[in-house]
Amino acid sequence: MQNWITDFMEQYGYIGILIMIALENVFPPIPSEVVLTFGGFMTTQTAMTVPGVVVFATLGSVLGAVILYWIGRALHVERLEAIVGRWGHILRVKKEDIRKADAWFDRYGHWTVLFCRMVPLIRSLISIPAGMSGMNFGVFLLYTTIGTLVWNIALVWVGATLGENWEDILSFMDVYSNIAYALIAMAGLAVIFYLIRKNRKPRN
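So, a few notes on the structure that sits alongside this text. (Residues numbered from 1 in each chain as written. Predicted model: local features only at pLDDT ≥ 70, side-chain atom pairs only at ≥ 80, totals over all residues. Heavy atoms only, no water.)

### Some remarks on the overall build of the chain
- Tallying secondary structure elements over the chain gives 8 helices and 0 strands in all.
- Start at the N end of the chain and walk to the C end: the helices and strands fall as α-α-α-α-α-α-α-α.
- Here the chain holds 204 residues, and the buried ones make up 43% of them.
- Accessible surface for the chain amounts to roughly 11,600 Å². Of this, 67% is attributable to carbon and sulfur atoms. (Helix = DSSP H or I, 4+ residues; strand = E, 2+ residues; numbered from the N terminus. Buried < 20%, exposed > 50% of the residue type's maximum accessible area, 1.4 Å probe, protein only. Areas by Shrake-Rupley, 256 points an atom, 1.4 Å probe, with all protein chains shown as cover.)

### Description of helix H2 (residues 32-42)
- Within H2, 11 of the 11 residues are buried, which leaves it mostly tucked inside the rest of the structure.
- What H2 keeps buried is the set Ser32, Glu33, Val34, Val35, Leu36, Thr37, Phe38, Gly39, Gly40, Phe41 and Met42.

### Topic: the packing of aromatic side chains
- Considering all chains together, one arrives at 10 aromatic pairs under this definition.
- On the basis of an interplanar angle of 10 degrees and a centroid distance of 4.9 Å, the ring pair of Tyr14 and Phe56 is categorised as stacked. With a gap of 42 residues between them, Tyr14 in helix H1 (residues 2-26) and Phe56 in helix H3 (residues 50-87) connect regions that are remote in the sequence.
- The exposure class assigned to Phe56 is partly exposed, which follows from its relative accessible area of 24%.
- Among the aromatic residues, those joined into a cluster by ring pairs are Tyr69, Trp70, Phe137 and Phe140. (Phe/Tyr/Trp six-rings, centres within 6.5 Å; stacked < 30°, edge-to-face > 60°.)

### Considering the environment of Ala65
- Relative to the helices and strands, Ala65 is located in helix H3.
- With relative accessibility at 1%, the residue Ala65 sits in the buried group.
- Considering only alpha carbons, one finds Ala65 and Ala22, 43 residues apart in sequence, at a separation of 7.8 Å.
- Setting aside its immediate chain neighbours within four residues, Ala65 contacts Asn25, Arg117, Ser127, Phe140 and Thr144. (Contact = heavy atoms within 4.5 Å.)

### Quick notes on the nonpolar core
- Ranked by internal contacts, the top residues of the largest apolar core, which has 21 residues, are Ile5, Met9, Ile17, Val35 and Leu36.
- Elements supplying a minimum of two residues to this core: H1, H2, H3 and helix H7 (137-162).
- Once residues within four sequence positions are removed from consideration, Val35 is found in contact with Ile5, Met9, Ile17, Met20, Ile21 and Ile30.
- With 11 residues, the next largest nonpolar core counts Ala65, Phe105, Cys116 and Phe140 among its residues. (Core = buried A, V, L, I, M, F, W, Y, C linked by side-chain atoms within 4.5 Å.)

### Quick word on the packing of H2 against H7
- Between H2 and H7, whose axes approach to 6 Å, the crossing angle comes to 50 degrees. As far as their axial angle goes, H7 and H2 are oblique. Crossing of H2 against H7: the hand is right-handed. Residues Ser32, Glu33, Leu36, Thr37, Gly40 and Phe41 of H2 lie in contact with H7, whose contacting residues are Trp151, Asn152, Leu155, Val156, Gly159 and Ala160.
- For the contact of H2 with H7, the per-class residue count stands at 6 nonpolar, 5 polar and 1 charged. (Axes fitted to C-alpha atoms, helices over the stretch in contact; angles between N-to-C directions. Parallel < 35°, antiparallel > 145°, perpendicular 65-115°, else oblique. Left-handed = near helix turned anticlockwise from the far one by under 90°. Nonpolar A, V, L, I, M, F, W, Y, C, P; charged D, E, K, R; others polar.)

Below is the structure:
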């Protein structure tokens, strides 16, 4: 996949970066760290500039995030509650849990969107609960853009600094991603354990 990504970017330049990052948001297995660091490297070999790569990468990120946001709006909380009402007993999830999660996102969602833009995998998927909760679209765009800019600037700058050695950063990013995935898995297990204990009926 890496060779296909870099070949596409070399052929289409800024537009290739925009398309790759937009796809990365909708299809997370495409690694943004490859797109961004290679984009930074391209600024040392072509007429492309670091600000130009950052701008087009950010436009692509926001475009992909907006698509997922509106998918979340189409799902909305009421539809999720209907699904939980029918199948929630399997995971011991109740409608009340959905409402609590929605209320939590209403209160802290903007910060969640901001910081999750710098977490692999979650940086894409966070747009769906943002849409489901009905988060104000303007606020969503603002915090998505800020968080995305920080991520994009950091990786494009690293790629430009390392030059031909841009791939050296990928091993570090793999470690960062694995740590993030482990923490996400632990958090997910903790939530499931909490829901099971909370909803377990006391024995006679």
